[in-house]
Amino acid sequence: MPAPDLANGNDALDHEFSFSKADFDRVRELIYKHAGISLHDGKHAMVYSRLSRRLRETGHKSFSSYLQWLEASTGPSGAAEWQEFVNCLTTNLTSFFREEHHFHALKDDLKPFVGKQVRIWCCAASTGEEPYSILMTCSEALGAGASVQLVASDIDTNVLATARRGVYNADSRGLDATRLKNFFMRGTGANGGKIRVKPELQRWVDFRPLNLMDAQWQLGDPFHMVFCRNVMIYFDAPTQRKVLERIHRVMRPGGLLFVGHSENFTESRDLFKLRGKTIYERV
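Residues numbered from 1 in each chain as written. Predicted model: local features only at pLDDT ≥ 70, side-chain atom pairs only at ≥ 80, totals over all residues. Heavy atoms only, no water.

Sorry if this is basic, but what is going on with the overall build of the protein chain here?
Along the backbone of the protein chain there are 10 helices and 10 strands. Relative to the 2.2 N^0.38 estimate, which gives 19 Å for 283 residues, the radius of gyration of the protein chain is 21 Å and therefore close to what a compact globule would have. With the C-alpha coordinates of the protein chain rotated into their principal frame, the extents come out at 60 × 55 × 45 Å. In the protein chain, of all internal contacts separated by at least 6 residues, the share reaching a separation of at least 24 is 71%. The averaged location of the 33 negative side-chain charges in the protein chain is 6 Å from the averaged location of its 37 positive side-chain charges. (Helix = DSSP H or I, 4+ residues; strand = E, 2+ residues; numbered from the N terminus. Rg over C-alpha atoms; globule rule 2.2 N^0.38 Å. Contact = heavy atoms within 4.5 Å. Lys, Arg positive; Asp, Glu negative; His and termini not counted. Charge placed at Lys NZ, Arg CZ, Asp CG, Glu CD.)

As structure tokens, then:
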């Protein structure tokens, strides 16, 4: 049996809603305009799977109807649906201490901040594993009484809600027994098998929604370090450059930018110079 033709919407036997190439192109245009995300042609099935939930919940019978309604939506309800649209199309893959070499480097880079305040921004907080990994490293390097301010942002409000709760499975990947003991409370009874981040770690973090495409970022004082890992891979080259320029503006001179293992910004040497394995220094 031939594979369904997702690009042309000729898979009616498998699909509840019609989904034409024009529909996909419109989705691609809207998510690029709204969130800077570039969807390539191979993402038809992903878009259908994720957005079809919104069609069911809003009562629309076709993608064209939903997208027309979305574009015409205004006011608080319109803003809420645009947020749902973005939430559906963002990808959130994360774990504690992912790309572990960054956290070994971070521990060393924190040494000059003993007795001083350090400000860090995590651009893609997702469900919280990355910002809490940063904070665990801060506590281990600087002590529980350190002055740490971490801004943890994400465009997806659903994953931010999970991050704020700070509740995870006790067997979450990346956590060893020592860190489980030092930084988490174990659930009992109905919460057995769950862990919750201790309040003394959570007090250092400010979770907030933020779209990197927004014209203005209200982030406070400049940052010493920024984690923007596996974010730029979803942007085209002009959008990457625009975001890097904005990140440069909210960092202190000499500040460190931690990026994903497949991200390379050597063409932006006027902004950042390579300092280590996927770690850049602001110039």
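Structure's up, so let's keep going.
Whenever I open this one, the sheet that holds strand S5 (residues 194–197) confuses me. Can you help?
Backbone-to-backbone hydrogen bonds join strands into a sheet, with any given pair of strands oriented parallel or antiparallel. Strand order in the open sheet formed by three strands is S3-S5-S4, with antiparallel pairing between adjacent strands. Of all the strands in the sheet, just strand S3 (167–169) and strand S4 (184–186) have a single pairing partner and so form its edges. Strand-to-strand, the axes of this sheet are offset by a mean angle of 35°, without reference to chain direction. Where S4 lies against S5, three bridges are found, and the strand directions are antiparallel. Counterpart to phenylalanine 184 in the pairing with S5 is valine 197. (Pairing = 2+ DSSP bridges. Axes fitted to C-alpha atoms, helices over the stretch in contact; angles between N-to-C directions.)

I'm lost on the packing of helix H5 (residues 101–109) against helix H6 (residues 129–142) in this one. Help?
Helix-helix packing: each pair is described by the crossing angle between the helix axes and the interaxial distance. Close contact between H5 and H6 brings their axes to 9 Å; oriented N to C, the two are set at 40°. Viewed along their axes, H5 and H6 adopt a mutual orientation that is oblique. The handedness of the crossing between H5 and H6 comes out as right-handed. For the pair formed by H5 and H6, the contact residues are Phe103, Leu106 and Lys107 on the first element and Ser133, Ile134, Thr137, Glu140 and Ala141 on the second. Of the residues belonging to the contact of H5 with H6, the class tally is four nonpolar, two polar and two charged. (Parallel < 35°, antiparallel > 145°, perpendicular 65-115°, else oblique. Left-handed = near helix turned anticlockwise from the far one by under 90°. Nonpolar A, V, L, I, M, F, W, Y, C, P; charged D, E, K, R; others polar.)

Help me understand the pairing of strand S10 (residues 279–282) in this model?
Where strand S8 (residues 251–259) lies against S10, three bridges are found, and the strand directions are antiparallel. Directly across from leucine 257, in S10, lies its bridge partner tyrosine 280. Inspection of the sheet shows strand S9 (residues 272–276) paired to S10 by four bridges, in the antiparallel sense. Across the sheet, the residue bridging to lysine 273 is glutamate 281, located in S10.

How do you make sense of the sheet that holds S8 when you look at a structure like this?
If you trace the seven strands from one edge of the open sheet to the other, you get S6-S2-S1-S7-S8-S10-S9, paired in mixed fashion. A single partner strand is all that each edge strand has here, and the edge strands are strand S6 (205–209) and S9. The mean inter-strand angle of the sheet, taken between neighbouring strand axes irrespective of direction, is 20°. Pairing analysis gives three bridges linking strand S1 (residues 117–122) to strand S7 (residues 223–228), with the strands arranged parallel. By the bridge assignment, isoleucine 120 is partnered in S7 with methionine 225. Across the sheet, H6 touches S1, strand S2 (147–154), S6 and S7, and the angle it forms with S2 is around 170°. Along the sheet, helix H10 (residues 237–249) contacts S1, S7, S8, S9 and S10; its crossing angle with S8, the most-contacted strand, is approximately 135°.

Please explain the pairing of S2 as it appears in this structure.
Look at any regular strand and the pattern is simple: side chains alternate between the two faces of the sheet. Counting buried positions over the eight residues of S2 gives six, a clear majority of the element. Taken together, S1, H6 and S2 constitute a β-α-β crossover, and its handedness is right-handed. Pairing between S2 and S6: five bridges, direction parallel. Residue pairing for S6: leucine 150 is matched across the bridge by valine 205. (Buried < 20%, exposed > 50% of the residue type's maximum accessible area, 1.4 Å probe, protein only. Right-handed = clockwise from strand over helix to strand, strands pointing away.)

Could you clarify how one ought to interpret the confidence of the model for the protein chain in this entry?
Interpreting fine coordinate detail is not advised for predicted regions of low pLDDT. Across the protein chain, the average pLDDT comes to 92, with 95% of residues at 70 or higher. In the predicted structure, residues 1–13 sits below a pLDDT of 50 and forms 17 contacts with residues beyond four places in sequence or in another chain. (pLDDT = per-residue confidence, 0-100.)

Could you clarify how one ought to interpret the pattern of salt bridges in this entry?
When their charged atoms lie close together, side chains carrying opposite charge are able to pair. Under the definition given, this model contains 16 salt bridges. Two residues, arginine 26 and glutamate 29, come together in a salt bridge whose shortest N-O distance is 2.6 Å. Of the two residues, arginine 26 and glutamate 29 both sit in helix H1 (residues 21–35), three residues apart, roughly one turn of that helix. In this structure arginine 26 comes out as partly exposed when scored by relative accessible area, which is 24%. A residue is classified by how much of its surface remains accessible, and glutamate 29, at 42% relative accessible area, is partly exposed. The partner of arginine 208 in a salt bridge is aspartate 206, and the shortest N-O contact between them spans 2.5 Å. By relative accessible area, arginine 208 is classed as partly exposed at 22%. According to the relative accessible area criterion, aspartate 206 is partly exposed, its value standing at 33%. (Salt bridge = Lys/Arg side-chain N within 4 Å of Asp/Glu carboxyl O.)

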